[in-house]
There are 2 protein chains.
Amino acid sequence: MRQQFHEQLDGLVDDLVRLTLMVETAMGRATTALLEANAELADQVARDIKAVSALHEAMDQRAFELVASQQPVAGDLRVVVAALRMTADLERMGALARHVADIARRYAPKRAVPEPLRETVKRMGVVAERITAITRRAIGARDWTAAGGLERADDEMDELLQALYHRMLQDSWRHETGTAIDLTLLGRYYERYADHAVSVARRVAFLTGHGSLDTVSRVGPRPGAT
Amino acid sequence: MRQQFHEQLDGLVDDLVRLTLMVETAMGRATTALLEANAELADQVARDIKAVSALHEAMDQRAFELVASQQPVAGDLRVVVAALRMTADLERMGALARHVADIARRYAPKRAVPEPLRETVKRMGVVAERITAITRRAIGARDWTAAGGLERADDEMDELLQALYHRMLQDSWRHETGTAIDLTLLGRYYERYADHAVSVARRVAFLTGHGSLDTVSRVGPRPGAT
(Lines give C-alpha, C1' and ligand atoms only; values in the text may rest on other atoms or scores of the structure.)
Protein backbone atom coordinates (compact mmCIF):
# COMPACT_ATOMS: atom_id res chain seq x y z
CA MET A 1 0.00 0.00 0.00
CA ARG A 2 2.72 2.43 1.03
CA GLN A 3 4.78 1.39 -1.98
CA GLN A 4 1.86 2.14 -4.29
CA PHE A 5 1.28 5.48 -2.57
CA HIS A 6 4.87 6.47 -3.17
CA GLU A 7 4.77 5.47 -6.81
CA GLN A 8 1.68 7.56 -7.39
CA LEU A 9 3.21 10.43 -5.45
CA ASP A 10 6.25 10.17 -7.65
CA GLY A 11 4.01 10.59 -10.70
CA LEU A 12 2.54 13.69 -9.11
CA VAL A 13 6.00 15.17 -8.62
CA ASP A 14 6.87 14.41 -12.26
CA ASP A 15 3.78 16.41 -13.21
CA LEU A 16 4.94 19.25 -10.98
CA VAL A 17 8.09 19.43 -13.10
CA ARG A 18 5.94 19.50 -16.26
CA LEU A 19 3.67 22.18 -14.81
CA THR A 20 6.66 24.32 -13.84
CA LEU A 21 8.12 24.02 -17.32
CA MET A 22 4.80 25.07 -18.87
CA VAL A 23 4.66 28.15 -16.64
CA GLU A 24 8.31 28.96 -17.38
CA THR A 25 7.68 28.76 -21.13
CA ALA A 26 4.57 30.92 -20.84
CA MET A 27 6.38 33.63 -18.90
CA GLY A 28 9.22 33.60 -21.42
CA ARG A 29 6.73 34.08 -24.24
CA ALA A 30 4.86 36.77 -22.33
CA THR A 31 8.07 38.77 -21.89
CA THR A 32 8.90 38.43 -25.60
CA ALA A 33 5.34 39.42 -26.54
CA LEU A 34 5.69 42.46 -24.31
CA LEU A 35 9.07 43.61 -25.59
CA GLU A 36 8.29 42.95 -29.25
CA ALA A 37 4.63 44.03 -29.19
CA ASN A 38 3.71 40.61 -30.56
CA ALA A 39 -0.06 40.11 -30.23
CA GLU A 40 0.01 36.59 -31.67
CA LEU A 41 2.51 35.45 -29.09
CA ALA A 42 0.35 37.07 -26.40
CA ASP A 43 -2.57 34.96 -27.66
CA GLN A 44 -0.34 31.89 -27.46
CA VAL A 45 0.31 32.67 -23.80
CA ALA A 46 -3.45 32.72 -23.14
CA ARG A 47 -3.63 29.21 -24.64
CA ASP A 48 -0.58 28.09 -22.64
CA ILE A 49 -2.29 29.19 -19.44
CA LYS A 50 -5.44 27.26 -20.26
CA ALA A 51 -3.28 24.15 -20.46
CA VAL A 52 -1.64 25.10 -17.14
CA SER A 53 -5.06 25.38 -15.48
CA ALA A 54 -6.19 22.06 -16.92
CA LEU A 55 -3.10 20.24 -15.63
CA HIS A 56 -3.40 22.00 -12.26
CA GLU A 57 -7.00 20.79 -11.87
CA ALA A 58 -6.16 17.26 -12.94
CA MET A 59 -3.27 17.15 -10.47
CA ASP A 60 -5.37 18.41 -7.57
CA GLN A 61 -8.03 15.85 -8.37
CA ARG A 62 -5.45 13.07 -8.44
CA ALA A 63 -3.97 14.25 -5.15
CA PHE A 64 -7.38 13.99 -3.49
CA GLU A 65 -8.03 10.59 -4.99
CA LEU A 66 -4.61 9.43 -3.86
CA VAL A 67 -5.31 10.45 -0.28
CA ALA A 68 -8.81 9.00 -0.34
CA SER A 69 -7.71 5.61 -1.69
CA GLN A 70 -4.45 5.24 0.23
CA GLN A 71 -5.21 6.80 3.63
CA PRO A 72 -1.62 8.00 4.04
CA VAL A 73 0.05 8.45 7.42
CA ALA A 74 0.63 11.98 8.71
CA GLY A 75 4.08 12.40 7.15
CA ASP A 76 2.89 11.27 3.73
CA LEU A 77 -0.19 13.44 3.98
CA ARG A 78 2.04 16.42 4.55
CA VAL A 79 3.75 15.68 1.26
CA VAL A 80 0.40 15.78 -0.53
CA VAL A 81 -0.55 19.06 1.14
CA ALA A 82 2.80 20.53 0.08
CA ALA A 83 2.17 19.38 -3.50
CA LEU A 84 -1.30 20.99 -3.47
CA ARG A 85 0.20 24.27 -2.34
CA MET A 86 2.84 24.07 -5.04
CA THR A 87 0.26 23.58 -7.79
CA ALA A 88 -1.70 26.55 -6.42
CA ASP A 89 1.42 28.74 -6.53
CA LEU A 90 2.26 27.56 -10.03
CA GLU A 91 -1.22 28.39 -11.23
CA ARG A 92 -0.86 31.90 -9.81
CA MET A 93 2.46 32.24 -11.66
CA GLY A 94 0.67 31.25 -14.85
CA ALA A 95 -2.03 33.86 -14.21
CA LEU A 96 0.67 36.51 -13.75
CA ALA A 97 2.31 35.50 -17.06
CA ARG A 98 -1.08 35.92 -18.72
CA HIS A 99 -1.45 39.40 -17.19
CA VAL A 100 1.90 40.40 -18.73
CA ALA A 101 0.70 39.04 -22.08
CA ASP A 102 -2.63 40.89 -21.72
CA ILE A 103 -0.82 44.21 -21.39
CA ALA A 104 1.34 43.35 -24.44
CA ARG A 105 -1.79 42.60 -26.49
CA ARG A 106 -3.60 45.75 -25.42
CA TYR A 107 -0.75 47.96 -26.65
CA ALA A 108 0.22 46.01 -29.80
CA PRO A 109 1.32 46.96 -32.41
CA LYS A 110 2.63 49.72 -30.14
CA ARG A 111 5.07 48.78 -27.42
CA ALA A 112 3.86 48.91 -23.83
CA VAL A 113 7.32 49.60 -22.39
CA PRO A 114 9.02 52.91 -23.29
CA GLU A 115 12.56 52.61 -24.61
CA PRO A 116 14.44 53.78 -21.49
CA LEU A 117 12.77 51.06 -19.41
CA ARG A 118 13.06 48.20 -21.91
CA GLU A 119 16.36 46.94 -20.56
CA THR A 120 15.06 46.77 -16.98
CA VAL A 121 11.90 44.91 -17.99
CA LYS A 122 13.94 42.59 -20.19
CA ARG A 123 16.14 41.73 -17.24
CA MET A 124 13.07 41.11 -15.09
CA GLY A 125 11.99 38.58 -17.71
CA VAL A 126 15.41 36.93 -17.69
CA VAL A 127 15.40 36.67 -13.89
CA ALA A 128 11.82 35.30 -13.93
CA GLU A 129 12.91 32.58 -16.33
CA ARG A 130 16.05 31.77 -14.31
CA ILE A 131 14.16 31.57 -11.03
CA THR A 132 11.60 29.18 -12.55
CA ALA A 133 14.33 26.99 -14.04
CA ILE A 134 16.07 26.74 -10.65
CA THR A 135 12.76 25.79 -9.05
CA ARG A 136 12.02 23.21 -11.74
CA ARG A 137 15.41 21.55 -11.32
CA ALA A 138 15.00 21.43 -7.53
CA ILE A 139 11.61 19.72 -7.92
CA GLY A 140 13.03 17.27 -10.46
CA ALA A 141 15.91 16.42 -8.14
CA ARG A 142 13.48 16.20 -5.15
CA ASP A 143 16.14 18.27 -3.43
CA TRP A 144 15.58 21.69 -1.98
CA THR A 145 19.33 22.25 -1.62
CA ALA A 146 19.53 22.05 -5.44
CA ALA A 147 17.82 25.45 -5.54
CA GLY A 148 21.11 27.34 -5.26
CA GLY A 149 20.99 30.91 -6.52
CA LEU A 150 17.29 31.20 -5.78
CA GLU A 151 17.53 33.85 -3.07
CA ARG A 152 20.03 35.84 -5.11
CA ALA A 153 17.70 35.79 -8.12
CA ASP A 154 14.79 36.87 -5.93
CA ASP A 155 16.84 39.76 -4.52
CA GLU A 156 17.80 40.71 -8.06
CA MET A 157 14.11 40.87 -9.00
CA ASP A 158 13.42 43.20 -6.07
CA GLU A 159 16.33 45.43 -7.13
CA LEU A 160 15.04 45.53 -10.72
CA LEU A 161 11.59 46.52 -9.46
CA GLN A 162 13.10 49.34 -7.43
CA ALA A 163 15.14 50.41 -10.47
CA LEU A 164 11.99 50.43 -12.59
CA TYR A 165 10.06 52.59 -10.13
CA HIS A 166 13.10 54.82 -9.56
CA ARG A 167 13.45 55.43 -13.28
CA MET A 168 9.74 56.26 -13.53
CA LEU A 169 10.15 58.79 -10.73
CA GLN A 170 12.95 60.69 -12.43
CA ASP A 171 12.26 64.13 -13.79
CA SER A 172 13.07 63.03 -17.30
CA TRP A 173 10.03 60.72 -17.22
CA ARG A 174 7.54 62.22 -19.65
CA HIS A 175 5.02 59.51 -20.24
CA GLU A 176 1.31 59.39 -19.69
CA THR A 177 -0.32 58.24 -16.49
CA GLY A 178 -1.73 55.22 -18.35
CA THR A 179 1.81 54.08 -19.07
CA ALA A 180 2.75 54.64 -15.43
CA ILE A 181 -0.20 52.51 -14.28
CA ASP A 182 0.68 49.65 -16.63
CA LEU A 183 4.40 49.77 -15.80
CA THR A 184 3.60 49.72 -12.08
CA LEU A 185 1.42 46.65 -12.59
CA LEU A 186 3.97 44.96 -14.86
CA GLY A 187 6.67 45.43 -12.25
CA ARG A 188 4.43 43.95 -9.61
CA TYR A 189 3.49 40.96 -11.81
CA TYR A 190 7.16 40.00 -12.24
CA GLU A 191 7.89 40.55 -8.55
CA ARG A 192 4.93 38.43 -7.42
CA TYR A 193 5.85 35.76 -9.96
CA ALA A 194 9.31 35.49 -8.43
CA ASP A 195 7.86 35.37 -4.90
CA HIS A 196 5.61 32.46 -5.83
CA ALA A 197 8.50 30.63 -7.48
CA VAL A 198 10.55 30.97 -4.29
CA SER A 199 7.57 29.65 -2.35
CA VAL A 200 7.33 26.60 -4.65
CA ALA A 201 11.05 25.91 -4.39
CA ARG A 202 10.99 26.09 -0.58
CA ARG A 203 8.27 23.49 -0.42
CA VAL A 204 10.45 21.00 -2.29
CA ALA A 205 11.90 20.13 1.14
CA PHE A 206 8.50 18.66 2.08
CA LEU A 207 8.20 16.47 -1.00
CA THR A 208 10.82 14.18 0.46
CA GLY A 209 9.31 14.25 3.92
CA HIS A 210 11.93 16.57 5.38
CA GLY A 211 11.18 19.85 7.06
CA SER A 212 9.25 20.18 10.27
CA LEU A 213 5.49 20.44 10.58
CA ASP A 214 6.07 23.88 11.94
CA THR A 215 7.76 25.06 8.79
CA VAL A 216 5.27 23.70 6.27
CA SER A 217 2.64 26.19 7.31
CA ARG A 218 5.11 29.02 7.51
CA VAL A 219 6.93 28.53 4.25
CA GLY A 220 5.57 30.74 1.52
CA PRO A 221 6.07 34.14 -0.03
CA ARG A 222 8.15 36.06 2.46
CA PRO A 223 6.42 38.56 4.71
CA GLY A 224 6.45 41.96 3.10
CA ALA A 225 6.94 40.49 -0.35
CA THR A 226 3.23 40.60 -1.14
CA MET B 1 -13.80 8.96 16.54
CA ARG B 2 -15.86 10.65 13.88
CA GLN B 3 -17.77 12.56 16.55
CA GLN B 4 -14.50 13.82 18.00
CA PHE B 5 -13.23 14.77 14.56
CA HIS B 6 -16.31 16.84 13.90
CA GLU B 7 -16.09 18.61 17.23
CA GLN B 8 -12.49 19.56 16.56
CA LEU B 9 -13.39 20.61 13.05
CA ASP B 10 -16.12 22.79 14.47
CA GLY B 11 -13.53 24.50 16.65
CA LEU B 12 -11.44 25.12 13.54
CA VAL B 13 -14.38 26.76 11.80
CA ASP B 14 -15.02 28.97 14.84
CA ASP B 15 -11.42 30.09 14.54
CA LEU B 16 -11.97 30.83 10.85
CA VAL B 17 -14.68 33.28 11.90
CA ARG B 18 -12.27 34.87 14.38
CA LEU B 19 -9.52 35.09 11.78
CA THR B 20 -11.89 36.70 9.28
CA LEU B 21 -12.98 39.28 11.86
CA MET B 22 -9.35 40.10 12.63
CA VAL B 23 -8.60 40.65 8.95
CA GLU B 24 -11.77 42.72 8.52
CA THR B 25 -10.81 44.95 11.46
CA ALA B 26 -7.26 45.36 10.15
CA MET B 27 -8.45 46.40 6.68
CA GLY B 28 -10.91 48.88 8.21
CA ARG B 29 -8.09 50.41 10.22
CA ALA B 30 -5.76 50.44 7.21
CA THR B 31 -8.32 52.41 5.18
CA THR B 32 -8.80 54.91 8.00
CA ALA B 33 -5.02 55.23 8.43
CA LEU B 34 -4.75 55.88 4.71
CA LEU B 35 -7.51 58.47 4.46
CA GLU B 36 -6.56 60.29 7.65
CA ALA B 37 -2.77 59.96 7.30
CA ASN B 38 -2.69 58.33 10.72
CA ALA B 39 0.74 56.72 11.24
CA GLU B 40 -0.14 55.35 14.68
CA LEU B 41 -3.14 53.49 13.29
CA ALA B 42 -0.92 52.16 10.49
CA ASP B 43 1.41 50.77 13.16
CA GLN B 44 -1.59 49.18 14.84
CA VAL B 45 -2.40 47.40 11.57
CA ALA B 46 1.12 45.95 11.49
CA ARG B 47 0.50 44.53 14.98
CA ASP B 48 -2.95 43.24 13.93
CA ILE B 49 -1.37 41.35 11.07
CA LYS B 50 1.20 39.72 13.32
CA ALA B 51 -1.71 38.34 15.33
CA VAL B 52 -3.38 37.18 12.09
CA SER B 53 -0.22 35.30 11.08
CA ALA B 54 0.09 33.70 14.50
CA LEU B 55 -3.50 32.45 14.45
CA HIS B 56 -3.10 31.26 10.84
CA GLU B 57 -0.06 29.18 11.78
CA ALA B 58 -1.71 27.75 14.86
CA MET B 59 -4.78 26.78 12.82
CA ASP B 60 -2.76 25.09 10.09
CA GLN B 61 -0.83 23.16 12.70
CA ARG B 62 -4.05 22.03 14.37
CA ALA B 63 -5.53 21.00 11.02
CA PHE B 64 -2.50 18.77 10.35
CA GLU B 65 -2.65 17.29 13.85
CA LEU B 66 -6.37 16.67 13.43
CA VAL B 67 -5.82 14.74 10.22
CA ALA B 68 -2.88 12.84 11.65
CA SER B 69 -4.71 11.74 14.79
CA GLN B 70 -8.15 11.09 13.30
CA GLN B 71 -7.37 9.64 9.85
CA PRO B 72 -10.51 11.16 8.34
CA VAL B 73 -12.37 9.63 5.38
CA ALA B 74 -12.09 11.33 1.99
CA GLY B 75 -15.09 13.63 2.47
CA ASP B 76 -13.88 14.85 5.84
CA LEU B 77 -10.37 15.28 4.53
CA ARG B 78 -11.72 17.55 1.82
CA VAL B 79 -13.20 19.77 4.52
CA VAL B 80 -9.77 20.12 6.13
CA VAL B 81 -8.15 20.94 2.80
CA ALA B 82 -10.83 23.61 2.20
CA ALA B 83 -10.13 25.08 5.65
CA LEU B 84 -6.39 25.16 4.91
CA ARG B 85 -7.03 27.05 1.69
CA MET B 86 -9.30 29.49 3.49
CA THR B 87 -6.67 30.29 6.12
CA ALA B 88 -4.12 30.85 3.33
CA ASP B 89 -6.49 33.29 1.56
CA LEU B 90 -7.22 35.09 4.82
CA GLU B 91 -3.52 35.50 5.51
CA ARG B 92 -3.06 37.04 2.07
CA MET B 93 -5.92 39.44 2.81
CA GLY B 94 -4.13 40.42 6.00
CA ALA B 95 -0.91 41.03 4.07
CA LEU B 96 -2.80 43.27 1.64
CA ALA B 97 -4.27 45.29 4.53
CA ARG B 98 -0.73 45.74 5.82
CA HIS B 99 0.41 46.98 2.39
CA VAL B 100 -2.32 49.64 2.47
CA ALA B 101 -1.20 50.66 5.97
CA ASP B 102 2.45 50.74 4.82
CA ILE B 103 1.61 53.30 2.14
CA ALA B 104 -0.34 55.36 4.68
CA ARG B 105 2.66 55.38 7.04
CA ARG B 106 5.13 56.27 4.32
CA TYR B 107 3.18 59.43 3.41
CA ALA B 108 2.06 60.50 6.91
CA PRO B 109 1.57 63.25 8.04
CA LYS B 110 0.84 63.93 4.37
CA ARG B 111 -2.06 62.12 2.76
CA ALA B 112 -1.27 59.45 0.19
CA VAL B 113 -4.54 59.89 -1.72
CA PRO B 114 -5.14 63.24 -3.49
CA GLU B 115 -8.46 64.90 -2.70
CA PRO B 116 -10.30 64.10 -5.99
CA LEU B 117 -9.69 60.37 -5.45
CA ARG B 118 -10.46 60.21 -1.75
CA GLU B 119 -14.12 59.36 -2.24
CA THR B 120 -13.33 56.43 -4.58
CA VAL B 121 -10.70 54.99 -2.24
CA LYS B 122 -13.04 55.48 0.72
CA ARG B 123 -15.72 53.49 -1.09
CA MET B 124 -13.20 50.75 -1.89
CA GLY B 125 -12.58 50.51 1.84
CA VAL B 126 -16.31 50.32 2.56
CA VAL B 127 -16.79 47.56 -0.02
CA ALA B 128 -13.76 45.67 1.33
CA GLU B 129 -15.28 45.75 4.80
CA ARG B 130 -18.71 44.69 3.53
CA ILE B 131 -17.34 41.80 1.49
CA THR B 132 -15.40 40.51 4.51
CA ALA B 133 -18.45 40.79 6.77
CA ILE B 134 -20.55 38.80 4.27
CA THR B 135 -17.83 36.13 4.14
CA ARG B 136 -17.55 36.01 7.91
CA ARG B 137 -21.28 35.53 8.36
CA ALA B 138 -21.36 32.76 5.74
CA ILE B 139 -18.56 30.92 7.57
CA GLY B 140 -20.31 31.40 10.92
CA ALA B 141 -23.55 30.02 9.46
CA ARG B 142 -21.63 27.18 7.73
CA ASP B 143 -23.79 28.14 4.77
CA TRP B 144 -22.46 29.33 1.44
CA THR B 145 -25.93 30.52 0.39
CA ALA B 146 -25.76 33.01 3.29
CA ALA B 147 -23.15 34.93 1.25
CA GLY B 148 -25.80 36.95 -0.61
CA GLY B 149 -24.55 40.19 -2.11
CA LEU B 150 -21.03 38.84 -2.43
CA GLU B 151 -20.82 38.86 -6.23
CA ARG B 152 -22.42 42.31 -6.38
CA ALA B 153 -19.88 43.67 -3.89
CA ASP B 154 -17.05 42.12 -5.89
CA ASP B 155 -18.36 43.70 -9.11
CA GLU B 156 -18.60 47.01 -7.28
CA MET B 157 -14.95 46.73 -6.29
CA ASP B 158 -13.97 46.14 -9.92
CA GLU B 159 -16.00 49.20 -10.98
CA LEU B 160 -14.35 51.33 -8.31
CA LEU B 161 -10.93 50.20 -9.51
CA GLN B 162 -11.81 51.16 -13.07
CA ALA B 163 -13.12 54.52 -11.81
CA LEU B 164 -9.88 55.10 -9.93
CA TYR B 165 -7.71 54.38 -12.96
CA HIS B 166 -10.05 56.35 -15.23
CA ARG B 167 -9.79 59.39 -12.97
CA MET B 168 -6.00 59.09 -12.94
CA LEU B 169 -6.00 59.04 -16.74
CA GLN B 170 -7.92 62.27 -17.10
CA ASP B 171 -6.17 65.35 -18.35
CA SER B 172 -6.87 67.19 -15.13
CA TRP B 173 -4.63 64.72 -13.31
CA ARG B 174 -1.57 66.69 -12.28
CA HIS B 175 0.15 64.56 -9.73
CA GLU B 176 3.60 63.06 -9.60
CA THR B 177 4.48 59.67 -11.00
CA GLY B 178 5.20 58.49 -7.45
CA THR B 179 1.59 59.18 -6.54
CA ALA B 180 0.43 57.35 -9.66
CA ILE B 181 2.54 54.30 -8.73
CA ASP B 182 1.17 54.20 -5.19
CA LEU B 183 -2.44 54.73 -6.28
CA THR B 184 -2.12 51.95 -8.86
CA LEU B 185 -0.82 49.61 -6.18
CA LEU B 186 -3.47 50.71 -3.66
CA GLY B 187 -6.21 49.98 -6.17
CA ARG B 188 -4.78 46.57 -6.84
CA TYR B 189 -4.46 45.77 -3.12
CA TYR B 190 -8.17 46.43 -2.57
CA GLU B 191 -9.15 44.49 -5.69
CA ARG B 192 -7.05 41.46 -4.75
CA TYR B 193 -8.36 41.62 -1.19
CA ALA B 194 -11.93 41.36 -2.51
CA ASP B 195 -10.97 38.49 -4.84
CA HIS B 196 -9.52 36.51 -1.94
CA ALA B 197 -12.61 37.21 0.18
CA VAL B 198 -14.82 35.81 -2.60
CA SER B 199 -12.56 32.77 -2.78
CA VAL B 200 -12.91 32.20 0.98
CA ALA B 201 -16.70 32.58 0.86
CA ARG B 202 -17.01 30.11 -2.02
CA ARG B 203 -15.16 27.46 -0.08
CA VAL B 204 -17.72 27.65 2.72
CA ALA B 205 -19.72 25.11 0.69
CA PHE B 206 -17.00 22.54 1.39
CA LEU B 207 -16.98 23.07 5.14
CA THR B 208 -20.28 21.23 5.34
CA GLY B 209 -19.17 18.51 2.98
CA HIS B 210 -21.21 19.77 0.04
CA GLY B 211 -19.80 20.68 -3.33
CA SER B 212 -18.19 18.20 -5.67
CA LEU B 213 -14.57 17.14 -5.67
CA ASP B 214 -14.32 18.74 -9.04
CA THR B 215 -15.29 22.13 -7.73
CA VAL B 216 -13.03 22.23 -4.70
CA SER B 217 -9.93 22.47 -6.84
CA ARG B 218 -11.51 24.95 -9.20
CA VAL B 219 -13.01 27.36 -6.74
CA GLY B 220 -10.79 30.33 -6.08
CA PRO B 221 -10.16 33.82 -7.33
CA ARG B 222 -11.89 34.03 -10.67
CA PRO B 223 -9.78 33.74 -13.80
CA GLY B 224 -8.72 37.14 -14.97
CA ALA B 225 -9.27 38.63 -11.54
CA THR B 226 -5.62 38.24 -10.64
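These notes cover the structure that comes with them. All values reported here derive from a predicted model rather than from experimental measurement.

Attention now goes to the overall build of chain A. The secondary structure content of chain A amounts to seven helices and zero strands. Along chain A, helices and strands appear, N-terminal first, in the series α-α-α-α-α-α-α. What you see for chain A is a C-alpha radius of gyration of 19 Å, in line with the 17 Å of a compact globule of 226 residues. Across its three principal directions, the C-alpha atoms of chain A cover 65 × 30 × 25 Å. The long-range share in chain A, meaning contacts at least 24 apart out of those at least 6 apart in sequence, stands at 81%. When the accessible area of chain A is evaluated, it comes to approximately 9,200 Å², of which 50% is carbon and sulfur surface. Averaging the locations of the 30 positively and 32 negatively charged side chains of chain A gives two centres separated by 2 Å.

So, about unusual backbone geometry. All names here are of chain A. Between Ala 108 and Pro 109 the backbone carries a cis peptide bond, its omega angle lying at 5°. Even without being glycine, Arg 142 reaches a positive phi, approximately 50°. Topologically, Arg 142 is positioned in the loop between helix H4 (115-140) and helix H5 (150-169).

Let us now look at helix H1 (residues 2-36) of chain B. Every α-helical turn comprises 3.6 residues, leaving residues that sit three or four positions apart pointing alike. For H1 of chain B, built from 35 residues, the straight-helix expectation of 51 Å at 1.5 Å per residue is met to within 8% by its first-to-last C-alpha distance of 51 Å. One or two positions beyond H1 of chain B, positive phi appears at Ala 37 of chain B, with a value near 50°.

Before going further, it helps to spend a moment on the packing of helix H1 (residues 2-36) of chain A against helix H6 (residues 177-207) of chain A. Residue and element names in this part refer to chain A. Between H1 and H6, the shortest axis-to-axis distance is 13 Å and the interhelical angle comes to 165°. Classified by the angle between their axes, H1 and H6 sit roughly antiparallel to one another. In this structure, the crossing between H1 and H6 has a hand that is left-handed. Counting all contacts with H1, which are made through Val 13, Leu 16, Val 23, Glu 24, Met 27, Thr 31 and Leu 34, the residues of H6 involved are Leu 186, Tyr 190, Tyr 193 and Leu 207.

Another point: helix H3 (residues 74-107) of chain A. Spanning 34 residues, H3 of chain A covers 50 Å between terminal C-alpha atoms, matching the ideal 50 Å at 1.5 Å per step. Burial runs high along H3 of chain A: 26 of the 34 residues are buried.

The subject of this paragraph is the pattern of salt bridges. The final tally for this structure, using the stated rule, is 31 salt bridges over all chains. Two residues, Asp 195 of chain A and Arg 192 of chain A, come together in a salt bridge whose shortest N-O distance is 3.5 Å. Highlighted residues: Asp 195 of chain A and Arg 192 of chain A, both in helix H6, separated by three residues, approximately one helical turn. For the pair Asp 195 of chain A and Arg 192 of chain A, one class covers both residues: buried. With a shortest N-O distance of 3.0 Å, Glu 151 of chain B and Arg 202 of chain B are connected by a salt bridge. Taken together, the residues Glu 151 of chain B in helix H5 (residues 150-169) and Arg 202 of chain B in helix H6 (residues 177-207) connect sequence positions 51 residues apart.

Our focus in this paragraph is the packing of H1 of chain A against H4 of chain A. Residue and element names in this part refer to chain A. Relative orientation of the contacting elements H1 and H4 amounts to 170°, with a least axis distance of 9 Å. Compared by their axis directions, H1 and H4 come out roughly antiparallel. From H1, Val 13, Leu 16, Val 17, Thr 20, Leu 21, Glu 24, Met 27, Gly 28, Thr 31, Leu 34 and Leu 35 reach across to H4, where they touch Arg 118, Val 121, Lys 122, Gly 125, Ala 128, Glu 129, Thr 132, Ala 133, Arg 136, Ile 139 and Gly 140. Of the residues assigned to the contact of H1 with H4, the class counts are eleven nonpolar, six polar and five charged.

Right, let's talk about the environment of Pro 72 of chain B for a bit. Take Pro 72 of chain B: it is sitting in the loop between helix H2 (39-70) and helix H3 (74-107). According to the relative accessible area criterion, Pro 72 of chain B is buried, its value standing at 9%. Through-space distance from the C-alpha of Pro 72 of chain B to that of His 6 of chain B is 9.8 Å; in sequence the pair is 66 residues apart. Not counting residues within four places of it along the chain, the set of residues in contact with Pro 72 of chain B comprises Gln 71 of chain A together with Phe 5, Val 67 and Leu 77 of chain B.

Calculation notes
- Residues numbered from 1 in each chain as written.
- Chains lettered and ligands numbered in written order.
- Predicted model: local features only at pLDDT ≥ 70, side-chain atom pairs only at ≥ 80, totals over all residues.
- Heavy atoms only, no water.
- Helix = DSSP H or I, 4+ residues; strand = E, 2+ residues; numbered from the N terminus.
- Rg over C-alpha atoms; globule rule 2.2 N^0.38 Å.
- Contact = heavy atoms within 4.5 Å.
- Areas by Shrake-Rupley, 256 points an atom, 1.4 Å probe, with all protein chains shown as cover.
- Lys, Arg positive; Asp, Glu negative; His and termini not counted.
- Charge placed at Lys NZ, Arg CZ, Asp CG, Glu CD.
- Expected span 1.5 Å × (residues − 1).
- Axes fitted to C-alpha atoms, helices over the stretch in contact; angles between N-to-C directions.
- Parallel < 35°, antiparallel > 145°, perpendicular 65-115°, else oblique.
- Left-handed = near helix turned anticlockwise from the far one by under 90°.
- Buried < 20%, exposed > 50% of the residue type's maximum accessible area, 1.4 Å probe, protein only.
- Salt bridge = Lys/Arg side-chain N within 4 Å of Asp/Glu carboxyl O.
- Nonpolar A, V, L, I, M, F, W, Y, C, P; charged D, E, K, R; others polar.

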